[in-house]
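# Examination of the molecular architecture
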Number of protein chains: 2
Amino acid sequence: MSLSATDITIFLLSLSVILFFARGFGELFRFINQPIVIGEIIAGIILGPTILGTLFPGTFNSLFNQSEEVVTALNGITLLGVVMLLLVSGIEIDLSLVLRQSKVAVAISLLGILFPFSVGFLSAFFFPEFLGLSDYNMRLVFALFVGTALSITALPVVARTLMDLQIFKSEIGYLIMAAAMFNDLVGWIIFSIVLGMIGQNSGHSLPLSSLVFVIIGFMIFVLIFVRKIINYSLPFIQKRFTFPGGVLNFIFILGFLGAAFTEYIGIHAIFGVFIVGIAIGDSVHLKEETREIIYQFVTNIFAPLFFVSIGLRINFIEHFDPLIVSVFLVLAFIGKVVGCSLGAYWGGMNKNDSLIIGFGMNSRGAMEIVLGTLAFQYGLIDEKVFVALVIMALVTSISSAPIMNYYLKKAKAILSFHSLLKSETIIFSSANSKNDVIKELCKTVAAYHNLDFNVVHNNVMKREETISTGLEKHLAIPHARMSIKDTIIAVAIVKDGIDWNSFDNLPAKFIVLLLTPEDKPEVQLKLLSDIAKKFNDIKEIENIIASKDAKELIYKVKQLY
Amino acid sequence: MSLSATDITIFLLSLSVILFFARGFGELFRFINQPIVIGEIIAGIILGPTILGTLFPGTFNSLFNQSEEVVTALNGITLLGVVMLLLVSGIEIDLSLVLRQSKVAVAISLLGILFPFSVGFLSAFFFPEFLGLSDYNMRLVFALFVGTALSITALPVVARTLMDLQIFKSEIGYLIMAAAMFNDLVGWIIFSIVLGMIGQNSGHSLPLSSLVFVIIGFMIFVLIFVRKIINYSLPFIQKRFTFPGGVLNFIFILGFLGAAFTEYIGIHAIFGVFIVGIAIGDSVHLKEETREIIYQFVTNIFAPLFFVSIGLRINFIEHFDPLIVSVFLVLAFIGKVVGCSLGAYWGGMNKNDSLIIGFGMNSRGAMEIVLGTLAFQYGLIDEKVFVALVIMALVTSISSAPIMNYYLKKAKAILSFHSLLKSETIIFSSANSKNDVIKELCKTVAAYHNLDFNVVHNNVMKREETISTGLEKHLAIPHARMSIKDTIIAVAIVKDGIDWNSFDNLPAKFIVLLLTPEDKPEVQLKLLSDIAKKFNDIKEIENIIASKDAKELIYKVKQLY
């Protein structure tokens, strides 16, 4: 069947309209610091039956619904788009980073999958009516799918958000990336099995046990053998063949082959191309130039075609079910944020950083859409659930950056003296020796923060014995590093003053006890210099010392900032 | 209509098989110094009904003939491939180079189109049966088509050949490129009109007069207004939008729009995208990085899909008609080589260089295939003519580099003394003054090369009067630059010797008259130093002087080389 002249005109016109709107909305969203992909999906909803199709059905139909041939050709391109997108996604995964994860990253990854998966699976299995199950026979598969849908994280969106927030290269950024990659990998394996299970009902798949065996066999084969072959072949291909033509072809040939294989065994093409992408991206011989050509062409030409096509399929208003959407949203947030944050917290991070990681991992973006599209095509979910999934993907992705930003600001604030001051740990003491004041401060801290007094006291005294912590202008900062998660500050005001062996021989009247986490030496330095810088005017310090209670003291200190 | 799992498997598998064979044969042809595109077309013939379809019809059918959906999807991709290929071809055209052509380039361009067009048109109009016309009502359109088909030159293949021969940056290379670009532009305009004429017969096109008006209007609009808008917008887009995503989208949106417009008015999509490509490529603001991403992705992924698809359509053995193929081949060679060579010769180049240009412009490669495919799709030509066109494109492209190389070697040889020696211009003189010998040499040369004796003599004497041309070791080289096309050499042996005011005071016995083209000062220097270097052993010179006739002298000189 070939395309008529009218078909070709419409086909090319619709491609340019799709790219135009995708870019327009993409840039609009980038402008308000949101991932471009969100704009692309919204462009599709606007061009699709939801908006254009409702307001101008004639225009919509003549552009996107003209003839079966155009639709099939567009489907072919869209398929190629998503296959290439997954190839790029695979190439971006750093396998060695995934394999040598730190304790925290493993905790985040595992809980970040297990918890949302359990939340999703149990909710969907026991209360399927709230999540829009249409065919009761599919309850188990549906529950598995919901679990997977909740536990997925969109690596490209996460990476983009981390870059926008300028924490891509930080410790937290690294942890999120490592966990998200692991997440992606495990998520797709589970989903491929779910797809295989659907395939069984429709009869065009291997028996489940063989399927799992084949999937795992395929992964091992590609990630071990093919990966090695790629790594050995790349230098040869780059040297002997036209560059970059040879290596570009090599990558796409392998990718399409992997895709064809997994499609053949009854799970979707994108799983195969994704795994092949990982094997390719892992080679140290893959040149940046090649990576860049594929990345730019695919993310800017093919990925938008796919993302816009989502909105073209469905009327989002007609199939909007507030209950299902709300349930998916709530489960998604609870599952992912709680799971990942708990993993981070148990892995040893403080509450604030744990929440940054939780919300960082919450973006479902591109990957959820891919997953939802497949489930919809396979008939596992209906329009309502699909719409709910897309909205959930959009909301989790859009909310990620602002919420992370909120906690990042808090994290920065944690590193300044005034925000750590608490009236409960400010004492007005009449002690008349250094040891007594320190003892009082340690008791206060130990009581308020549930710490062992002896441990605190010993640490502080050990530090105090090596060198006196008296500064100038009535200020003294006894301090210690301890195995705590968050920095702790306590203040003692001794109006009569205590000798603290200061540079300027003035007695210490404003005494700050500073306890910082053992594993973050930089925090101690930062706070010591922060305090020394802020308290450099003896008049102001005397004014603070003159405070009649903790509240007034905190007020006066905050004035300095 | 959506693709089933089997469709998707086959679709992806066929894509990877196509890319694999395209790359394999492409590299094979590159290895034997042929354009990669030849290998890609041959890969298609092998994968198509000609070889695979005949030997293993099962494999062929299951790969490329499985279901209508797969075929339609593949057609969509192939269409996108050829549209993108023409976009890249357009971008590569340097409009300002075309507009400020030298006299020679204009002569080459014009004759390089007019001559083959006339040859093709007249042959096809008066002897259509030898060129495979199937529908006698279409004789005029068919003749116009054959004219266009013969006058087209494949810019990308030409550029590739020039690079391989390392003359891309030379004067000849520049001339060929400028002429080929002009050729491409005019060729496509003519062809778009031919397509419009076919469209009229099938009824889905504007009346011819309006069509020509619209085509010219479209070209003026795009090449003047849109080109300016692009040039103004590019810096803005590159600065404000994501780079290179924004500019990549901009280029493809414009390209697809142009393509959709020309398809809409009844000529093919690729004409519009080609013109838009020219307008884009002309902007100084288009960055190399952007150009490279588009170029590499399109030429390595999409172009091969198109070129391989050629062979997939047709059985080349079944539809091979020796008469039609021979006629097309002969007309193609005669038309293009004679036309371009004449243009170059009349433009003032020598025979040898004119032939280099003629054969350089003879490559039909990619563009002929695009043209033939369209004519075939529009029903203007049948399988036999299509096969003849493809074979003609292959043979003209394959023969181009070796034949050019032959004449390039000759051109280099022209620049060495021994190859310019002719027994007719070697005299054994008994003159006893410098003036007499020079007079004798000039007479010989004037007679043999049909030059005016007085002009030659005056020029040589003028040079001789400024400074004596006597070298050491019996050698003297009187010389002049004149308005001639090729270098001319004559030799006089004066066994008794003549005083020539030499450095070593030895009398001149071996006197070389050297006339070089006025506009090539470097040739004179090259030859003077060449002769001085070779004749530096007095024993050898005396041996040559002792020659008893011209034949022996030439033999002895050649021994030195």
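Note that this is a predicted model, so its numbers are computed, not measured.

### Some words on the overall build of chain A
Assigned secondary structure in chain A consists of 24 helices and five strands. Here the C-alpha coordinates of chain A stretch approximately 95 × 55 × 45 Å along the principal axes. Looking at chain A residue by residue over its 561 residues, the buried ones come to 55%.

### Some details on the domain arrangement of chain A
Under the domain assignment, chain A is made up of domain 1 (91-302 + 321-413) and domain 2 (417-560). Taking only C-alpha atoms, the centre of domain 1 of chain A and the centre of domain 2 of chain A are 48 Å apart.

### Description of the nonpolar core
Of all hydrophobic cores here, the largest spans 351 residues; its most connected members are Val83 of chain A together with Val83 of chain B. Those residues in contact with Val83 of chain B that sit more than four places away from it in its chain are Leu12 of chain A together with Ala259, Ala269, Ile270 and Val273 of chain B.

### As for the pairing of strand 5 (residues 508-517) of chain A
Residues and elements named next belong to chain A. With respect to burial, strand 5 is a largely interior element, nine of its 10 residues being buried. In this sheet, strand 5 lies alongside strand 2 (residues 475-476) in parallel orientation, the contact comprising two bridges. Counterpart to Ala476 in the pairing with strand 5 is Ile511. One ladder, built from four bridges, connects strand 3 (residues 479-482) with strand 5; its direction is parallel. Considered in strand 5, the bridge of His479 is made with Leu514. Pairing of strand 4 (residues 488-498) with strand 5, which is carried by seven bridges, proceeds in the antiparallel orientation. The partner of Ala490 across the bridge, within strand 5, is Leu513.

### A word on unusual backbone geometry
In the segment running from Phe243 of chain A into Pro244 of chain A, the intervening peptide bond is cis, with an omega of 0°. Relative to the helices and strands, Pro244 of chain A resides in the loop between helix 11 (208-240) and helix 12 (245-264). Phi is positive for Asn450 of chain A, close to 60°, though the residue is something other than glycine. Position of Asn450 of chain A among the secondary structure elements: in the loop between helix 20 (434-449) and helix 21 (453-466). Non-glycine residue Asn33 of chain B carries a positive phi angle of around 55°.

### Considering the relation of the copies chain B and chain A
Between chain B and chain A, the superposition needs a rotation of 180° and an axial shift of 0.1 Å, giving an RMSD of 0.1 Å. What the superposition gives is, in effect, a two-fold axis relating one chain to the other. Here 100% of the interface residues in chain B have copies in chain A that are interface residues too; the copies meet face to matching face.

### Focus: helix 2 (residues 36-47) of chain A
Residues and elements named next belong to chain A. With 12 residues, helix 2 should reach 16 Å at 1.5 Å per residue; the first-to-last C-alpha distance of 17 Å fits that figure. Taking burial as the measure, the 12 residues of helix 2 include 11 buried ones, the bulk of the element. Of the residues making up helix 2, those classed as buried are Ile36, Val37, Ile38, Gly39, Glu40, Ile41, Ile42, Ala43, Gly44, Ile45 and Leu47. Contacts made by the buried residues of helix 2 are with helix 1 (5-31), helix 3 (52-55), helix 9 (155-164), helix 14 (288-313), helix 17 (365-377) and helix 18 (383-414).

### Here's the deal with the environment of Val370 of chain A
All names here are of chain A. Checked against the element boundaries, Val370 lands in helix 17. Taking the C-alpha atoms as reference, Val370 lies 9.0 Å from Phe306; in sequence the two are 64 residues apart. Beyond its immediate stretch of four places on either side in the chain, Val370 contacts Val82 and Ile270.

Conventions used here
- Residues numbered from 1 in each chain as written.
- Chains lettered and ligands numbered in written order.
- Predicted model: local features only at pLDDT ≥ 70, side-chain atom pairs only at ≥ 80, totals over all residues.
- Helix = DSSP H or I, 4+ residues; strand = E, 2+ residues; numbered from the N terminus.
- Buried ≥ 20, exposed ≤ 12 C-beta atoms within 10 Å, placed from the backbone.
- Domains from an automatic or database assignment.
- Core = buried A, V, L, I, M, F, W, Y, C linked by C-beta atoms within 7 Å.
- Contact = placed C-beta atoms within 7 Å.
- Pairing = 2+ DSSP bridges.
- Least-squares fit on C-alpha atoms with pLDDT ≥ 70 in both.
- Expected span 1.5 Å × (residues − 1).

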